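A structural walkthrough
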Amino acid sequence: RATPSPKMMENTVFMSFTFYSTILILKMYVVAIITGQVRLRKKAFANPEDALRNGGLQYYRDDPDVERNLLSLSRAHRNDMENIFPFLFLGAVYSLLDPSPAVARIHFFIFCVGRIVHTIAYLLRLKAPTRSVAYGVAQLPCFSMALQILLATTPYW
């Protein structure tokens, strides 16, 4: 079992950030796996080599159900990249500012839960404004961290 170095363990904020970041990355992988499963289940492949490997070229085709599902999955995945990647930067830098561990954990938790709810809302096509609220709530800790980073680095401008 891999264990963090003792020096890394001293920064409990960074360890918390690492925990929530890993959950978010795993969530992104799950969305990617679901994408492949949708194509496999309907036998509608976007690439001829995938179709050949899974029954023949007749499965190299478009399927309206698959395309509709993949559009939602693609949007969810793209939205994750647009939001999780900045969070990874902001959270890592924020962790270096020596914030309160409890406050930092709340920031990371709110963002993580907001992104998970956002993805669920996309995939299950939940009624509005579920997805928008989840998006907005997840942005709050990012704005807070960005503001704190700016305030801490302003003297070095």
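Note that the coordinates shown come from a computational prediction; the quantities given were computed from them, not determined experimentally. (Residues numbered from 1 in each chain as written. Predicted model: local features only at pLDDT ≥ 70, side-chain atom pairs only at ≥ 80, totals over all residues. Heavy atoms only, no water.)

Concerning the environment of Thr119
Looking at the secondary structure, you find Thr119 in helix 5 (residues 101–124). The exposure class assigned to Thr119 is buried, which follows from its relative accessible area of 5%. Residues Thr119 and Arg75 lie 44 residues apart in sequence; the distance between their C-alpha atoms is 9.5 Å. Sequence-distant contacts of Thr119, defined by excluding residues within four places in its chain, comprise Lys27, Val31 and Asp80. (Helix = DSSP H or I, 4+ residues; strand = E, 2+ residues; numbered from the N terminus. Buried < 20%, exposed > 50% of the residue type's maximum accessible area, 1.4 Å probe, protein only. Contact = heavy atoms within 4.5 Å.)

A word on the nonpolar core
Generally speaking, nonpolar side chains in soluble globular proteins are found buried as a group. Ranked by size, the top nonpolar core spans 17 residues in total, and within it Leu24, Phe87, Tyr94, Phe108, Phe111, Cys142 and Met145 carry the most contacts. Among the elements of the structure, helix 2 (12–42), helix 4 (64–95), helix 5 and helix 6 (130–153) are those that each provide at least two residues to this core. The greatest single-element share of this core, amounting to five residues, is contributed by helix 2. Of all hydrophobic cores here, the second largest spans six residues; its members include Val31, Ala44, Val66 and Leu73. (Core = buried A, V, L, I, M, F, W, Y, C linked by side-chain atoms within 4.5 Å.)

Here we look at the packing of helix 4 against helix 5
At a minimum axis distance of 10 Å, the contact between helix 4 and helix 5 shows a crossing angle of 175°. Between helix 4 and helix 5, the angle is such that the two are roughly antiparallel. Where helix 4 abuts helix 5, its residues Ser72, Leu73, Arg75, Ala76, Asn79, Asp80, Asn83, Ile84, Phe87, Gly91, Tyr94 and Ser95 lie against Val103, Ala104, His107, Phe108, Phe111, Arg115, His118, Thr119, Tyr122 and Leu123. (Axes fitted to C-alpha atoms, helices over the stretch in contact; angles between N-to-C directions. Parallel < 35°, antiparallel > 145°, perpendicular 65-115°, else oblique.)

Re the state of the cysteines
Evaluated as defined, the whole model comprises zero disulfides. Here Cys112 stays unpaired: no disulfide links it, and the sulfur of Cys142, its closest cysteine neighbor, is 11 Å away. A relative accessible area of 3% means that Cys112 is categorised as buried. (Disulfide = S-S within 2.5 Å.)

Considering the layout of surface pockets
Approximately 160 Å³ is the volume found for the largest pocket. Residue lining of the largest pocket: 14 residues in total, with Ala121, Tyr122, Arg125, Leu126 and Arg131 positioned closest to the centre. Those elements that provide at least two residues to the lining of the largest pocket are helix 4, helix 5 and helix 6. When its residues are assigned to classes, the lining of the largest pocket shows six nonpolar, three polar and five charged. (1 Å grid on protein atoms, 1.4 Å probe; cavity = no way out; pocket = protein on both sides within 12 Å on 5 of 7 lines; lining within 4 Å. Points joined across faces, edges and corners; volume = space filled by probe spheres on them. Nonpolar A, V, L, I, M, F, W, Y, C, P; charged D, E, K, R; others polar.)

A word on the confidence of the model for the chain
Chain-level statistics for the chain give a pLDDT mean of 92 and a share of 99% at 70 or above. Taking the mean pLDDT of every element in the chain, the minimum, 74, falls on helix 1 (residues 6–10) and the maximum, 98, on helix 6. (pLDDT = per-residue confidence, 0-100.)

So, unusual backbone geometry
Cis geometry marks the peptide bond from Ala128 to Pro129, where omega comes out at 5°. Tracing the sequence through the fold places Pro129 in the loop between helix 5 and helix 6. A positive phi angle is found at Lys43, which is not glycine, with a value near 50°. Among the secondary structure elements, Lys43 is positioned in the loop between helix 2 and helix 3 (48–53). For Arg125, which is not a glycine, the phi torsion comes out positive at approximately 50°. Mapped onto the elements of the fold, Arg125 is located in the loop between helix 5 and helix 6. According to the relative accessible area criterion, Arg125 is partly exposed, its value standing at 45%.

Observations concerning the environment of Ala46
Within the secondary structure, Ala46 is located in the loop between helix 2 and helix 3. With relative accessibility at 42%, the residue Ala46 sits in the partly exposed group. Linking Ala46 and Asp62, residues 16 residues apart in sequence, is a C-alpha distance of 7.5 Å. Residues within four places of Ala46 in sequence aside, it is in contact with Arg39 and Tyr60.

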